[in-house]
Each structure stands twice: as C-alpha cells, then as structure tokens.
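Geometric and topological summary
So the chains spell out like this:
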Amino acid sequence: MAEDGLRLGGLSSGLALILNGEDSKENSSKPHLVSSCDELGYQSVERTLEYVFGLPNRSIASLSGPVDGNLVRGILKNEFSKLHANSSTLDGDRDRDGICISGSGCRPHTIGLDEISIRGDIRIIKPPLLVESLAMFSSARANASVWKGKWMYEVVLETAGIQQLGWATVSCPFTDHKGVGDADDSYAFDGRRVRKWNKDAESYGQSWVVGDAIGCCIDLDCNEISFYRNGVSLGLAFHGIRKMGPGCGYYPAVSLSQGERCELNFGGRPFKFPIEGYQPLQAPPSLNLFATQLLQCLSRLLGLHSVEQAKHSSVEKLRLKRFVSPDEIFYPASHGICEELLSVLGADVWSIEYVAWGPFLSFMVEVFGLQAPHDYSGLDRVLDVFLEFNRSHLLFEHIINALACGCKTATLVLKECPCSGSYPYLALACHILRRQELMVLWWKSPDFEYHFERFLSRKDPNKNDLESMMPSVWWPGSCEDVSYESSMLLTTTALSEAVSKIEEKHRDLCRLVIQFIPPVTPPQLPGSVFRTFLQNLLLKNRGADRNLPPPGVSSNSVLVSLYTVILHFLSEGFGMGEICGWLKGSEKGRDVGFLHRGGHRSFPVGLFLRNDPHRNDNTRLGGSFSHLSKSHPVDDQEAEDIRWEEGCMDDEETRVTHLSTRKPCCCSSYDEDFTRISKNPIRYTAKGSRAHCSPMPERSSHVTTECSAGSLSDDIADKPSSSYQSESDFSYCPVQHTSFVPREGIMSSATLREEELLDVLLLLYHIGLAPNFKQASYYMNHQLQSIANLEETDKKIREGPCFEQLKHLKEARNVHREEVIDSVRQCAWYRISLSSRWKQRGMYATCMWTVQLLLVLSKVDLLFTYVPEYYLEALVDCFHVLRKCDPPFVPSSIFIKQGLASFITFVVTHFNDPRISSADLRDLLLQSISVLVQYKEYLAAFESNEAAKQRMPKALLSAFDNRSWIPVTNILLRLCKGSGFGSSKHGESSSSSIIFQRLLGQACISDEGLFSAFLNRLFNTLSWTMTEFSVSVREMQEKYQVWIISFLLGHAYVLVIVYAYFTHISIIMRPVMCIWERRKILCLHKSSGSALVGAVLLDQVHVQ
C-alpha cells in the first residue's frame, strides 16, 4: 500500500526520514518523537507502533504524549484482549472427540501414568514424566485412551536398552515377563532389538541411541500405527488394527527393562518433532497463542532496532534522518510487552512450562541466531528487560531446562556444520548463564546437576545417522569413485569442526561453573561448585565399569564430554587468564598446561587415604578400602604431599623431560610424514593399521587379561602359585628428589587442585573412554578383515569362475563391501570424536604423569597399596590406545624412547608384585610385555632399560605358574626366537634379543633354585597338558564309538584342538632348550619321574 511508506528489509521505515542539512542544524541533536507525517508522507510513531503490534493501518490515533508503559499496556488491553478471549474460547471449543482422559492429575485434563496399571516398579524420578524401571521388567499405561482420530505422544530416551513403546488396550495383561506388544490389541516398537511386537516379533525400524525422540503415532481413521525417530518415519508398523469404541480405546503404554529410563511427553510440553496431522493427547494451553503473539511483537521491535543500526546503502543515498529514536520506543514498548506476558502467565501457572519450552525458547533462539555470528547485543536487551521482573525467574528456570534437553536430543546434521548438534543450545545457555542472577537461579535449582549432565551430553549417531553424515565413503585401495576421497575428507573435516565447537562450548560452560562463587555462608572459593558436581557424579557412577552397571548411572556421552573438558584444561590450560590464579598450582606457568609443566611435581596423597564416599568404593591395588583401613590403618600422612622431580625414576642417560633439551613426544615436533598424516587421516585409515605387522596374533587394544587358552589356565587355577620375588624387592627404598611436605593449611585443602582433576580424569577414562576405545578397536580390526575379504573375493571373481560360482561371489562381495563401508564410517567417527591431535597429546602427557606418580608411590608400601586400581588400568589402556591409534600419534621408534621409558620400568618391576592383590592386574602388566616385545622398536626399549635387564629375566622364570604360563611362554619364545632348538625356517633371528638370551642364561646358571623351580613347574604343566589331551581323545572316542583315526580324519575341528595342544608344548620347550643348548646346562631334578616324562614328551614334540 502507498500509505505504508518506504520499507527497508521487509520492515517499516517509520523510524527513518530523509535527512535535511538545514533541519539538522536548526533542530536539537537529540532525536524526538513526532505524531504526524512529513510532507513526503513518511510514517510516524503511530505507524511504527502499528507495525510492532501487528495492527491494521491507521488503527492508532494521533498521540498527544510520549510513548510510555501506560500507552503500550493500553494498546495491548484494547487490541489483544479479544485475541486472548478468542484463543481461550477456541481451545475450549476445539473438537477433540475421540479421546477419554480417565482420572485427574494435579490439574484437570492432565495426562500421566495410570498407577493402577503399573506392573513391576516404574517410578517418576524427575517431574513431569521422567520414568525409570527398578524391576526386571515393568509396564504401565497412561490415563488416556483414544478410539478415533490421529494421535501421538513422544518418548525421549535416557537409556538405549530394551524398551517397548507403543499402544495397548486395557485388556492387554502386564506381567513380570510380558508387556506392550506381547498380546492381542497391543503394539510396540523396540529399537534396541530393532523389532516391532504384536504377540510375535518382526524386524522393523532402526536401532536407537540415547537422546532419540521416538514419536508413537496411531491413526484410527485408517487403523494404522507408525513410529518416528527424530521426526523421520520408520515406516508403517501395523495396519488393520481392531476398531474400538468409547471407553475401550488404545492407551499409550510402555514396558522397560531394569535400569531403563525415558521421558514421556503426552503434550504437556511442545513435541521435539511434531508430526503433521497428528494431535497431542494433551491439548496445549489456551495462553500459548496469546504468548506467541506478544513475543512476535517483541521480535518486530528488536528488528526495528537492528535496522536502525545497520548501515544500509539505500538509506545513506537518500540521506535519511530519524523522526523517532529506537531507544525511546524500545524500552516502553518492550517493558509493556514483558509485563503483560508475565502477568498473563502468572494467572495460569500451568501454562508457563509450555510457553517457555515452546514460543519463548523459539523467540530466544531466533534473537540469538542458530549460526555464528550470534546477536549477543539483541539477546542482552531481551535479558535486561525480562530480568527487571522477578516473575520472570520461573520462566528462565524452564528455559534452562529446555536448553539442557535440547543438548541431549540434538543431532549433528552435515549441512548445518559447523554450528550443528547441541552447539546452538550450548552457545545460548553459556551467554545466558554469564548473568550472575541467572547462574544463581540455576545453581539453586534442585535439578542443577541433572541439567549440567544434560548440557554435557552429546548424541552419538547410529548406522543410519552415519550414512547421512558421510554419504561418500573411501578407503585406501578401494574401487570407489575417485571423487569420494575428497568428498569424505571434506565431510570428516566439517564434522570435526562441529565436534570441536561443541567441545569448546562445553569448556565455556564448565569455566562458568568453576568461576562461580555461590552466595552462601561461610563464603566458598571458586571451583567449589564444580568440585561438588564431580564428586556427586562419581558417586552416582560407582559400578559403572561392571558388566551390568547399576541403575541410574550417567550416559556415556556425559562421561566422555567431562573427560574431554578436564583433559583440555590440564593439557592446554584453563584459558581463564588471571581468573585462574585461585587454582592451586596454576600460579606456576599459567600459559603451560599442568600435564606439560616440568621440574618439581607434587601429589596430595590424601586423595587415596581419605574415606570419601565417592572414592572408598573403588578397589585399591592392595584390596578393598575397608580391608586396607583395618590391616594398614592410615597415619597422619593424610596431611602430606609427596613431591619429586620429573624424570627422577628414569636412567640419566635416557631421561627425557619437559625441561630437557630433548622434549617428550607430546611437546616436540615430528617428522613431516606424520604431520601430513594428521592433516589427512582418511588416506591412512587402513595403511596405518597394517604398519605394525605382528608375527604373532596380538591381543585387543585393551590388552585384556583373558588369553587365547584361558580355559586351560582356569582348569588349573587351584594350583598353588609361586613367586620368586620377596616383598623386600618392592618395599620402601629412598628415591632421589622425592620428599613429603605438610599441607599448607585448611584453606589450601578447600581449593580445587589440578591433581584432583587428574584423579577424576583417570576415573572418567576408566569408566567412560575405555569402552569407546575398545569399540573403536573392534571396528578397526573388523575393517581390516572386511577389506581383506573384499580383496580376496575380487581376486576370485577375476579368475573367471563358472556362472553359479560367480553369482555367489558377487553376492558375497556386496556383503563384504557393505561391511567395509560401515566399518570405515564407524572408524572415521571414532577418530573425529576421540582421537583429535590435541587429545592424543594430552593422553600421552597423562601417561607420563601417571606412570611417574605410580613409580614414586611404589617406593612406599602404604601409599602404593592404597592407589586405586583404575590408575593402573587407565595407564595401561591409554598407553596401548596411543600405540595403536590410526593414524599414529608419533613414529613407533620414538613412542617409548621420548617420554615413556618409565612405562617399561613400571611393567617389568610390578607384573609380579605381590602388593598388587588382583591377579588380573598383574596379568595385564604381563600381557603388555608380551605384546611389546613382538616389535623391534619396543624390544629395543626393553634392552636399553636398566630395570628390565636387572629384573625381567628372573621375574619371568618365577612368574611361570598355573596362571601366567602362556604369556610368559610367549615372551620367552620371542626373546629366544631363531636360536637353538626351534629355529625359524626363514632364519628370522634379527628380531630376537641376544641381550635377554644372555641374561636368561645367567639367571639360570647363577640361581639353581630358581631354575629348578621353573623346570618343576614346566614339566608339571607339560604333564597336565598331555593328560588333558589324552582324556579329551578318550572321551571323543567313547562318545562317537568310532576308531579315533577315522574320527580325526572326519572332523577337522578336532585336528585343530590336537594341533593347539602340541603347539603349546612346543612353545613351552623352545626357550628352555634354547637356554639348555646354548649354556650346556645339565640339571638333575629331584623329581626324576617328571623329568623323564618331560624328556619323552620333548622327543615327541621334536618329531612333531
């Protein structure tokens, strides 16, 4: 319309008029309000207000006074009262036929769980409907049923185990073993088993993950049920369902296994992913439309201010001047809008939550912006206005809750990178919580820690998500389109940037919590709130490392995110400038991360000795805390710190520290090839994994304690174990540059220390990161195997088989190709989320710090036995993860030499340490040796380590017992490979160790008692092995009642068993005979019978 005047950027230009040089001189420099149009017909303040409030043109008469709060409230009362009344009438009269709500909750027409229907033990752990099953299998129905129309409800998964979500009639029986979907007229979907259920199960849908929003939809007009995952249809699940009538319709129903948690939303909050055409079971409040209109007015008002600030070129050409200042109109208008909104919401408290989660959250996100750069000034203006009213606090409580929930449910979308996933919600929350008033409001909330965990959560993708995130897949040697390589590189780069931005916001949020000083008496220091959160989190997650963790533990993504935050703080610094001066220890080298500071180091041993509830449940190296506190009561050493000099436990000739000329791997520059690999990891996905060619099959990345023949060890576990080393070999002896100093005072103990964060870091790695790295190792191995299968299949296809064989080969090729593609995507995701360069750097420094701490503590019996087991487990696991990472962190030739020589010292010193009560932990150290000596570079590290040369030969011979004979045999075979008896067919003696062969021989010659005991255990093991073999053959012969020869010829798997037995016999005897032949040792053992048996078996093995 002509009378609308000029519009700029879609907004009314009532605030701007053509500049006139003479007018600018005559008039005051301060802008003023006018109530009439000028001679050119430009809009006045009345027209501007009409635009802001969305009113018809000329609906506001000429103003006789200034714009103030009374004027704005008058406009809202006159013009919006009708809208308010109409929305209430419309909601009350809306046709919602087809639904029946039985019973009433805390207010009329509230839908919740029908307590009478609950079978098992389902409890609401957080209002309104966050439920958890505390029984083996629990089921419940809602208190609403539908019999016609199209309806839906939404379930946000807190866990991703066995849950059956769907619809059921009242006739569906709930038992301890049967629930939704296990009877007629009962329909459910389970994403853990990827099945749909209606008495019988069928494949359906996709696997779900924590944070997924599952939409459960029922169309009673077409008699169909369907399910949606994050707004994406999983397809029609059921059709032709039985029609029902009023009073006997379909109820929303869920069945949960023990420990499973989910949040039900029947419409009390806006859906995360509303499905078009489907109504929520619970109607939205009548005030929702009215609140939406008010927030739109405020949004238009902010838009005018943005236009005024913009340097629009067309405005400059017209030399416009303003008739009205945006600041003059913004405050009274925004103040009036907020006051009216809060007044209306205050009259209906049940509507506040829905409005906060719906229109108000959308308004805040729109003002702030989803993508960077964000409009911080616009958001600040909104916060300033709302925080003038104390009534807004409840609104902001719900906003914080909604933002935390958004972080949990947000999914990474490739086209939205890098500002994708939970980033927009985190960025908005971080800016809001910079306000002290809102931070205090959040901290005082009873759900503070619950929201904090949700902010730190990050949804992991499933197979389908990865397919959409990485549409093109490439791997070295693939026959895919050559463009896929560059496409996948761009994709992984974009996803890496998105993950980095999310991690950055996680750190920002944690910094805000660390810096926050709660308003309590007596006053607390910065970091106290963060420390309390960490302690409660660890207390909550006791037992999270068990095969069946207890109910209520945190999501794995929370543990990983918190670990990543702390690792960055300790490795790269807190990034808080002078503010971090309060942090204990940060005054020295604030620009250098704690893990990379050289020189003097200290550790508060009270962390191990205090009876803290979040720590005393952790098993210690010497046993349980309760046992140690009785057998080795704690002295006054709790008031002490142990101090030492970095590298004091290493040999002076090979010592590498952060202050030495030669820097550790985590602080030095690497070869150009490795720098290039880190920049382009995709090209080296498979090649890097094959770089370490092992002549012997290696164990998993965790170097777990189970052996390939673990069952053999289990059968003789009741034999007495022998150990050559006495406790005096491990007990206290003075260590140079090590001392104990008293605590500086009570105030220092209240200060958050970086050493405390290191303690938390190791535990978070143990319960959160280790399972992820184990899964990543599985996919890496599976990728290599799948690639090998694919290449082998392609080779057979090229050989030109017959038609039938070719058909089967092509089918097999398609299967192998899909396995490769899936594995490549999974490996790429784990590299993106777990193995960025700075994380590897921090992990390496963590290994250095931890192993030196353990070596220092091992010199004091009391302290060493109180060390938690997860210190050792995290150290070993982290070491091998870095060693096997793909692409490699550093060349294997310097991996140990430049920083981790202490690791060799620790494993060779303590793999047979009687102070370590857990045999599994001692096996873990022994397995590490077994793995490392397979590689020339690492074997050289053992040969140059004084502790290894002094302790390992005798320790290996004494450790050969009923439990450890297999790994010890592997080590001895590797050290003596290619020498004497059992020499390699190809003469591969270069990879054996002449040094350790000599040391083993000297150990046998110098200590007859040691060698005699070793031979006794050796021949006993040989005798037991042959006895077991003969018994197995006899049992097979009796069972099948055939001649043993014909049976062996007809059953190949039995031949494999026979081969395994003789292989173990051969492996055991090779290193012994090597020593025997090279040193010409003739030992007549007292047990001549066993020696004779051993000689006979030896002859048989030689023949074999």
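Scope of this entry: the structure provided in the associated data block. (Residues numbered from 1 in each chain as written. Predicted model: local features only at pLDDT ≥ 70, side-chain atom pairs only at ≥ 80, totals over all residues. Heavy atoms only, no water.)

**Description of the overall build of the protein chain**
A tally of helices and strands in the protein chain yields 37 helices and 23 strands. Residue pairs at least 24 apart in sequence account for 76% of intrachain contacts in the protein chain once pairs closer than 6 positions are excluded. (Helix = DSSP H or I, 4+ residues; strand = E, 2+ residues; numbered from the N terminus. Contact = heavy atoms within 4.5 Å.)

**Description of the environment of Phe 903**
Looking at the element boundaries, Phe 903 is found in helix H28 (residues 901–910). Remark: the alpha-carbon pair of Phe 903 and Gln 852, spanning 51 residues in sequence, is separated by 8.2 Å. For Phe 903, the residues in contact, after removing those within four places along its chain, are Val 851, Leu 875, Val 876, Phe 879, Ser 928 and Leu 932.

**Regarding the pairing of strand S6 (residues 130–133)**
Burial along S6 is two-sided: Leu 130 and Glu 132 and Val 131 and Ser 133, pointing in opposite directions, are all buried. Two elements, strand S5 (residues 122–126) and S6, share four bridges in a ladder whose sense is antiparallel. Looking across to S6, one finds that Lys 126 is bridged to Leu 130. The turn linking S5 back onto S6 is made up of three residues. Pairing of S6 with strand S18 (residues 261–265), which is carried by three bridges, proceeds in the antiparallel orientation. (Buried < 20%, exposed > 50% of the residue type's maximum accessible area, 1.4 Å probe, protein only. Pairing = 2+ DSSP bridges.)

**Regarding the environment of Leu 509**
Its location among the elements puts Leu 509 in helix H14 (residues 483–515). The buried category is assigned to Leu 509, whose relative accessible area is 0%. Spatially, the C-alpha atom of Leu 509 lies 9.3 Å from that of Arg 434, the residues being 75 residues apart in sequence. Residue contacts for Leu 509: discarding those within four places in its chain leaves Cys 430, Leu 433, Trp 442, Phe 452 and Phe 455.

**Here we look at the pattern of salt bridges**
Taken as a whole and assessed by the stated rule, the structure comprises 38 salt bridges. Linking Glu 158 and Lys 408 is a salt bridge whose minimum nitrogen-to-oxygen distance equals 3.7 Å. Of this pair, Glu 158 sits in the loop between strand S9 (150–157) and strand S10 (163–168) while Lys 408 sits in helix H9 (residues 392–409), placing them 250 residues apart in sequence. Glu 158 gets classed as buried once you look at its relative accessible area, which sits at 6%. (Salt bridge = Lys/Arg side-chain N within 4 Å of Asp/Glu carboxyl O.)

**Looking at the sheet that holds strand S13 (residues 200–203)**
The strand order across the open sheet built from six strands is S7-S17-S10-S11-S12-S13, with neighbouring strands paired in antiparallel fashion. Either end of the sheet is taken by a strand with one partner, and the two such strands are strand S7 (137–141) and S13. Going across the sheet, the axis of each strand differs from the next one's by a mean of 20°, ignoring polarity. (Axes fitted to C-alpha atoms, helices over the stretch in contact; angles between N-to-C directions.)

**So, the packing of aromatic side chains**
One pass over the structure, following the stated rule, counts 39 aromatic pairs. Ring centres of Phe 448 and Phe 452 lie 5.9 Å apart, and the angle between their planes is 50°; on these two criteria the pair is classed as tilted. Of this pair, Phe 448 and Phe 452 are both found in helix H12 (residues 448–456), four residues apart, which corresponds to roughly one turn of the helix. Overall, the relative accessible area of 7% leaves Phe 448 in the buried class. For Phe 452, a relative accessible area of 0% translates into the label buried. Between the aromatic rings of Phe 603 and Trp 849, the centroid separation amounts to 6.4 Å while the plane-to-plane angle is 55°, which identifies the pairing as tilted. Of this pair, Phe 603 sits in strand S21 (residues 600–604) while Trp 849 sits in helix H24 (residues 837–857), and the two are 246 residues apart along the sequence. (Phe/Tyr/Trp six-rings, centres within 6.5 Å; stacked < 30°, edge-to-face > 60°.)

**Digging into helix H10 (residues 423–432)**
Most of H10 sits inside the fold, with nine of its ten residues counted as buried. By the burial criterion, the buried members of H10 are Tyr 423, Pro 424, Leu 426, Ala 427, Leu 428, Ala 429, Cys 430, His 431 and Ile 432. The secondary structure elements touched by the buried residues of H10 are helix H7 (352–368), helix H8 (376–386), H9, helix H11 (436–444), H12 and H14.

**Observations regarding the pairing of S13**
Relative to S13, strand S12 (residues 195–198) runs antiparallel, the two sharing four bridges. Paired with Trp 197 across the bridge in S13 is Ala 201.

**A short note on the packing of H12 against H14**
With their axes 10 Å apart at the nearest point, H12 and H14 run at an angle of 155° to one another. By the angle between their directions, the pair H12 and H14 is classed as roughly antiparallel. For the element pair H12 and H14, the recorded crossing hand is left-handed. Residue-level contacts link Phe 448, Phe 452, Phe 455 and Leu 456 of H12 to His 506, Leu 509, Cys 510 and Val 513 of H14. Class assignment of the residues belonging to the contact of H12 with H14 gives a composition of seven nonpolar, one polar and no charged. (Parallel < 35°, antiparallel > 145°, perpendicular 65-115°, else oblique. Left-handed = near helix turned anticlockwise from the far one by under 90°. Nonpolar A, V, L, I, M, F, W, Y, C, P; charged D, E, K, R; others polar.)

**Observations concerning unusual backbone geometry**
In this structure, the amide linkage connecting Cys 417 to the following residue, Pro 418, adopts the cis form with an omega of 10°. Mapping Pro 418 onto the fold places it in the loop between H9 and H10. A cis amide bond links Thr 521 with the next residue in sequence, Pro 522, at an omega value of 0°. Within the element layout of this structure, Pro 522 appears in the loop between H14 and helix H15 (528–540). Even without a glycine there, the phi angle at Lys 199 is positive, about 70°. Considering the arrangement of structural elements, one finds Lys 199 in the loop between S12 and S13. Among the residues examined, Lys 199 registers a relative accessible area of 49% and is labelled partly exposed. Here Asn 230, not a glycine, exhibits a phi torsion of approximately 55°, which is positive. On the basis of relative accessibility, which here comes to 13%, the residue Asn 230 falls in the buried class.

**Focus on the state of the cysteines**
What the rule picks out here adds up to zero disulfides. Between Cys 667, a free cysteine, and Cys 666, which holds the nearest cysteine sulfur, the sulfur-to-sulfur gap is 3.9 Å. Residue Cys 667 is classed as partly exposed on the basis of its relative accessible area of 30%. Considering cysteine sulfurs only, Cys 976 is the nearest to Cys 1004, which forms no disulfide, with 9.4 Å between them. (Disulfide = S-S within 2.5 Å.)

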